[in-house]
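Listed below, chain by chain, are the residues.
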Amino acid sequence: MPRRKNIILISNGSAARMAADVAKELDIPVTEMITRTFADGEIFHAFPRDIAGNDLVIIANTPDDTAHQELIDLIAGARYWNALSVNVVIPYLGYSTMERAKPDSGEIPKGITRTRQVFRARPDYVAFLDLHSESVMHAHSGEVRTRHLWTERVAAEKIRQMQLDNIVLVSPDYGFSKRVARLAGLLDCPHTAANKDRYDVDQTIVGQLSGAVRGRTAIICDDMIRTGGSMLQTVDRCYQAGAVGVMVMATHLVLAGKARERFVEKGIGCIIGADTYPGRESDDLLQIYSVAPVIADELKGYFRLH
């Protein structure tokens, strides 16, 4: 199939850096939206070029309400100005852990309801990275093509670059253990899982960890670090089980509140993670890897850009 040349790549403000990295991988430019804020706080958006008849790609994180609404506006605007197709990649999906409501609780499962808002804006395609739960992908009536992109390949590459010896991967709970097993397979290292029972919004109890960590450096892996409660308890269990060192790893490094300080106080000297959450860069604690190659490879296949 001939190379498609009518692709326009844009982003919401929260994913501007990610869009630039993806654009480099694809060797196409980023088209920057025209934006300004009025005195009353209303936000103006305009496409700087004619998008009619073009395939529009929107890279968008939704870590807060403003970013979520901006994505909705971009999709709706693309439809208004007759884009040939509207294709969305969401590296970090806000509210993704709220994918279900307890019976008779009255709570709103915003992971579902927010994602449904995105689908109802009528994109043709939406891709997500390392979702907490795939249930949010199905909050539509079959009219949207969805994809769940996994980032184990670039995560494994980052760990190899760090040249760590005698490692074991640890999942904080059995629910995440399959994904940890896939990563362990790429690294050819052992893996194990702790048990976790959630008893409050951000508090968990971590059960006894297997002795598989004895004499090894444990890397505790999860999809997201928000406050760090689960991982911090798993750190203790790893040392109790005989680990000689402990590191932590997650795709989405939210690190809310004093999470970073809590890890440092626990003696954790390295947190490995992706650049999906806005503003995360490598420093004396964080070791960040890029997911732009994963997104670019998906778009190359989708648009037949090989």
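Above this text is the structure in question.
### Quick look at the environment of S133
Topologically, S133 is positioned in the loop between β6 (125-129) and β7 (145-149). A relative accessible area of 14% means that S133 is categorised as buried. Taking the C-alpha atoms as reference, S133 lies 9.1 Å from M98; in sequence the two are 35 residues apart. Of note is the side chain of S133, whose polar atom sits 2.9 Å from the side chain of S135.

### Some words on the environment of G229
As for its position among the elements, G229 is in helix α6 (residues 229-240). Residue classification places G229 among the buried positions, given a relative accessible area of 13%.

### Here we look at the pairing of strand β5 (residues 85-90)
Of all six residues that make up β5, six are buried, and the element is covered over most of its length. Neither face of β5 is open: one carries S85, N87 and V89, the other V86, V88 and I90, and all of them are buried. One crossover worth recording links strand β4 (residues 55-59) to the parallel β5 by way of helix α2 (residues 65-80), and it is right-handed. Sheet analysis places β5 next to β6, joined by four bridges and oriented parallel. Looking at β6, one finds that N87 is bridged to Y125. Taken together, β5, helix α3 (residues 110-120) and β6 constitute a β-α-β crossover, and its handedness is right-handed.

### Considerations on the nonpolar core
Across soluble globular proteins, you tend to see nonpolar side chains buried next to one another. By size, the foremost hydrophobic cluster in this structure holds 44 residues, and its most contacted members are I59, L169, L183, M249 and I295. With seven residues, the top contributor of residues to this core is helix α8 (residues 292-303). If near-sequence neighbours (up to four positions away) are discounted, M249 is found in contact with A155, I159, L183, I219, I220, C221, D222, M231, I272 and Y289. Residues I58, I75, I90 and F119 belong to the second largest nonpolar core, which totals 29 residues.

### Section: α2
Given a rise of 1.5 Å per residue, 16 residues ought to cover 22 Å, and the 22 Å separating the end C-alpha atoms of α2 matches this to within 8%. The complete set of buried residues in α2 reads A67, H68, E70, L71, I72, L74, I75, G77 and A78. Elements that come into contact with the buried residues of α2 comprise β1 (7-11), β3 (43-46), β4, β5 and α3. The opening residue of α2 is D64, an N-cap whose side-chain oxygen sits 3.3 Å from the backbone nitrogen of T66. With its phi angle positive at about 65°, N82 sits one or two positions after the end of α2.

### Some points on unusual backbone geometry
A positive phi angle, close to 60°, is found at D27, a residue other than glycine. In this model, D104 sits at a positive phi of 60°, which is unusual for a non-glycine residue. Tracing the chain through its elements places D104 in the loop between β5 and α3.

### Focus: the environment of K258
As for its position among the elements, K258 is in the loop between β13 (245-253) and α7 (259-265). Spatially, the C-alpha atom of K258 lies 16 Å from that of V248, the residues being ten residues apart in sequence.

### Some points on the packing of aromatic side chains
A complete count under the given rule lists six aromatic pairs for this structure. Measuring from ring centre to ring centre gives 4.2 Å for Y125 and Y302, while their planes differ by 25°; the resulting arrangement is stacked. With Y125 in strand β6 and Y302 in helix α8, this pair connects stretches of sequence that are 177 residues apart. Relative accessible area serves as the criterion here: at 0%, Y125 is assigned to the buried category.

### Comments concerning the sheet that holds strand β14 (residues 271-274)
Taken in spatial order, the six strands line up as β9-β8-β12-β13-β14-β15 in an open sheet, and their pairing is parallel. The strands lining the two open edges of the sheet, one partner per strand, are β9 (191-193) and β15 (286-289). Strand-to-strand twist across the sheet, computed as the mean angle between neighbouring axes with direction ignored, equals 25°. Sheet analysis places strand β8 (residues 167-171) next to β9, joined by three bridges and oriented parallel. When the bridges of β9 are listed, S171 appears paired with A193. Packing of helix α4 (residues 152-161) onto the sheet brings it into contact with β8, β12 (217-225), β13, β14 and β15, and relative to β15 it is tilted by some 135°. Its contacts with the sheet put helix α5 (residues 177-187) on β8, β9, β12 and β13, and the angle it makes with β8 is roughly 165°.

Definitions and limits used
Residues numbered from 1 in each chain as written. Predicted model: local features only at pLDDT ≥ 70, side-chain atom pairs only at ≥ 80, totals over all residues. Heavy atoms only, no water. Helix = DSSP H or I, 4+ residues; strand = E, 2+ residues; numbered from the N terminus. Buried < 20%, exposed > 50% of the residue type's maximum accessible area, 1.4 Å probe, protein only. Polar contact = N/O pair within 3.5 Å; in protein donor to acceptor, adjacent residues only side chain to side chain. Right-handed = clockwise from strand over helix to strand, strands pointing away. Pairing = 2+ DSSP bridges. Core = buried A, V, L, I, M, F, W, Y, C linked by side-chain atoms within 4.5 Å. Contact = heavy atoms within 4.5 Å. Expected span 1.5 Å × (residues − 1). Phe/Tyr/Trp six-rings, centres within 6.5 Å; stacked < 30°, edge-to-face > 60°. Axes fitted to C-alpha atoms, helices over the stretch in contact; angles between N-to-C directions.

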